[in-house]
Amino acid sequence: MKNIILCGFMGCGKSTIGKILSEKTKRPFIDMDRYIEKKTNMTVSEIFEKYGEEKFREIESGVCFELSQRRGIIIASGGGTLTFQKNIDILNKTGRIVFIDVKYEILCERLRHDTKRPLLQVENRDEKIREMLNKRTPIYKGASSVYVDGNFASGYVADIILSILR
Ligand code: S3P
């Protein structure tokens, strides 16, 4: 049984949609950021603050490898996970990577009050989102084999994903 790996920008709904998919398919759900937090006993912000982004990326790749040993699970990746070729290669072998594409304006709205994503704790958040989104969108598209328009309610997006994968 293949894994379902959700990818896309911060705030695109990977975790929410992953939970819904898990309920609908009765498959286990793993949120990579929460998995990393449990494993390290630190929050993502604390890891960035104490050890820097590079260390976080190292831990993240290790977790990709760990999860690649499992099958039949639903994984919500972090927004940066599938921008690294080695992570794409590892996870691609285990199942289908689904890109949830959400437009800039909606992402900005959802991320406006965020305090938990270290990369967004900058003065001009919207500009940072635009810059990262422009850079990452082609990478997400290249990494994934399923594309879904994520500009709808989470339950509806989950149903679209299931109908594509079935
Ligand atoms: C990141 C996204 C976050 C988290 C970390 C870095 C990124 O995950 O992994 O803050 O580089 O886009 P979410 O997409 O779940 O917010």
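We now turn to the structure provided with this report. Just so we're clear, the structure is a prediction, and the values are computed from it rather than from any experiment.

### A word on the site of the ligand
- Around the ligand sit 13 residues in total, of which K14, D33, R57, R117 and R136 are the nearest.
- In this structure, R57 approaches the ligand through a side-chain N or O atom, which is 2.7 Å from an oxygen atom.
- In this structure, an oxygen atom belonging to the ligand sits 2.6 Å away from a side-chain N or O atom of R136.
- Look at the ligand: alone it shows 390 Å² of surface, and the protein chains cover 95% of it.
- Here the ligand occupies the largest pocket.
- Looking at the shell around the ligand residue by residue, the class counts come to five nonpolar, three polar and five charged.

### Observations concerning the pairing of strand β5 (residues 146-149)
- Of the two faces of β5, only the one carrying V146 and V148 is buried; Y147 and D149 on the other face are not.
- Bridge count for strand β4 (residues 95-101) against β5 is four bridges, and the pairing is parallel. Bridge pairing in β5 links V98 to V146.

### A short note on the pairing of strand β1 (residues 3-7)
- The buried fraction of β1 amounts to five of the five residues, a majority that puts the element mostly inside the structure.
- Because side chains alternate across β1, one face comprises the buried residues N3, I5 and C7, and the other comprises I4 and L6, equally buried.
- As defined by bridge partners, β1 adjoins strand β3 (residues 74-76) across three bridges and the pair is classed as parallel. Looking across to β3, one finds that I5 is bridged to I75.

### Observations concerning empty space enclosed by the protein
- Taken as a whole, this structure holds one cavity of 30 Å³ or more when the rule is applied.
- In this structure, the largest cavity encloses a volume near 30 Å³.
- Elements represented by at least two residues in the lining of the largest cavity include exactly β4 and α7 (125-143).
- Residue composition of the lining of the largest cavity, by class: seven nonpolar, one polar and one charged.

Calculation criteria
- Residues numbered from 1 in each chain as written.
- Predicted model: local features only at pLDDT ≥ 70, side-chain atom pairs only at ≥ 80, totals over all residues.
- Heavy atoms only, no water.
- Near = heavy atom within 4 Å.
- Polar contact = N/O pair within 3.5 Å; in protein donor to acceptor, adjacent residues only side chain to side chain.
- Areas by Shrake-Rupley, 256 points an atom, 1.4 Å probe, with all protein chains shown as cover.
- 1 Å grid on protein atoms, 1.4 Å probe; cavity = no way out; pocket = protein on both sides within 12 Å on 5 of 7 lines; lining within 4 Å.
- Sits in = over half its atoms within 2 Å of the grid points.
- Nonpolar A, V, L, I, M, F, W, Y, C, P; charged D, E, K, R; others polar.
- Buried < 20%, exposed > 50% of the residue type's maximum accessible area, 1.4 Å probe, protein only.
- Helix = DSSP H or I, 4+ residues; strand = E, 2+ residues; numbered from the N terminus.
- Pairing = 2+ DSSP bridges.
- Points joined across faces, edges and corners; volume = space filled by probe spheres on them.

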